[in-house]
Amino acid sequence: MHIENLKVFCDLVQSKSFSKAAKLNDITQSAVSQQVRSMEKHFNTLIIDRTQKQFNLTQEGKCLFKGFKDIMKRYDSLHHDILEMKKVLSGNIQISTIYSIGLHSLPEHLRTFMKEFPSVNIRVEYRHANLIYEDVLQGAADMGMVAYPEKQPGLEITPYAQEKLVLAASPEHPLAKKSAINLKELKGQNAIAFSDEIPTRLYLNEILEKADIDMPVVMEFDNIETIKRAVEINMGIAILPDVTIEREVKQGILKAITIKDKDLVRPMAIIRKKDRVMQPGLKQFFRYLVDGSLEPIIEDEE
């Protein structure tokens, strides 16, 4: 039995999905099923309880999962120790991120880091916030990048930046004549908003409700790029991170207006699964995001 088989099984149990386990390991769903049957034949016992509609392990399966998980953790630790001893900084990093971070905050970091460490391959996937937490917990992503991080069991949260929120408006909008406004001036203005389950929307709803400001939502979208397009054609105004509209402001197709009596910020954080060993490339990139250092991590550094 190969170490890859153990990883497939652990991914299957953690995701409770044959299709997700297959995707995580770049194999077919049929191959996952075959590996499970091979394990059952090897140990001469049933691993998955097939009498239940939902995915459930038998007692023997639970015992194997606990043991395999310990083996995988030790294997990963040994593998990463060897790489560090050889001073090899390479490998693959899988990042799940919300659209606005992935499109605006992250690219410059990626260019700088990959220029310094070209052997590290970083893959970025744009996801809704709730799916990012799922990706990290299930092991589909080495790290997630979110706004307004939410504490969840099994996760480590590391703050790494804050973005200022400003009012974005079309140059044709009446408020665009001003460089700064008070929060109360938003009352009655048509808003282009994030979908109601997105953390930035929830934060802004709370701020406006406390200030007794009603902004009719005329459109809502699940990503920042579509919101900007709606604001550009003057369908309404939106409160957005300033970094996400820099290009449009320079081009003159959007106006950034400061809200002077309220400090609106969006905290961003890196989320990782607790106790998951970081391979050298990931450890280096993580440190770069947190403190900006590109100095190679020395062997005995934690």
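Each remark here, short or long, concerns the structure printed above.
Quick look at the structure, then. The structure presented is a predicted model; accordingly, all values stated were derived computationally and were not measured. (Residues numbered from 1 in each chain as written. Predicted model: local features only at pLDDT ≥ 70, side-chain atom pairs only at ≥ 80, totals over all residues. Heavy atoms only, no water.)

Time to look at the pattern of salt bridges. A full pass over the atoms with the stated rule returns 17 salt bridges. Between R127 and D135 there is a salt bridge, and its shortest N-O distance comes to 2.9 Å. Each of E225, K228, R229, E232, R247 and E248 takes part in one network of salt bridges that share partners. (Salt bridge = Lys/Arg side-chain N within 4 Å of Asp/Glu carboxyl O.)

Right, let's get into the environment of N121. Relative to the assigned elements, N121 resides in strand β2 (residues 120-126). In this structure, N121 is in contact with G91, N92 and I93, ignoring residues within four places of it in sequence. A polar contact is formed between the side chain of N121 and the side chain of N92, at a distance of 3.2 Å. (Helix = DSSP H or I, 4+ residues; strand = E, 2+ residues; numbered from the N terminus. Contact = heavy atoms within 4.5 Å. Polar contact = N/O pair within 3.5 Å; in protein donor to acceptor, adjacent residues only side chain to side chain.)

Here the focus is the packing of aromatic side chains. Applying the stated criterion across every chain yields a total of nine aromatic pairs. Ring pairs connect the aromatic residues F113, F117, F285 and Y288, which therefore count as one cluster. (Phe/Tyr/Trp six-rings, centres within 6.5 Å; stacked < 30°, edge-to-face > 60°.)

Pairing of strand β4 (residues 155-169) with strand β10 (residues 265-273) involves nine bridges; the strand directions are antiparallel. Bridge pairing links E156 to R272 in β10. Sheet analysis places β4 next to strand β9 (residues 255-259), joined by three bridges and oriented antiparallel. Bridged to L167 within β9 is I257. (Pairing = 2+ DSSP bridges.)

What helix α8 (residues 224-232) keeps buried is the set I224, E225, I227, K228, A230 and V231. Check the buried side of α8 and you find it contacts α5 (99-116), β4, β6 (191-194), β7 (217-221), β8 (238-241) and α9 (246-251). Put simply, N223 is the residue that caps the front of α8, since its side-chain oxygen is 3.1 Å from the backbone nitrogen of E225. Just beyond α8, the residue with positive phi is N234, at close to 65 degrees. (Buried < 20%, exposed > 50% of the residue type's maximum accessible area, 1.4 Å probe, protein only.)

With respect to the helices, strands and loops of the structure, R272 is situated in strand β10. The exposure class assigned to R272 is buried, which follows from its relative accessible area of 5%. Here the alpha-carbon distance between R272 and F43, two residues 229 residues apart in the chain, equals 34 Å. Not counting residues within four places of it along the chain, the set of residues in contact with R272 comprises V136, D142, M143, G154, L155, E156, V277, M278, L282 and F286. A distance of 2.9 Å separates the side chain of R272 from the backbone oxygen of R276, its partner in a polar contact.

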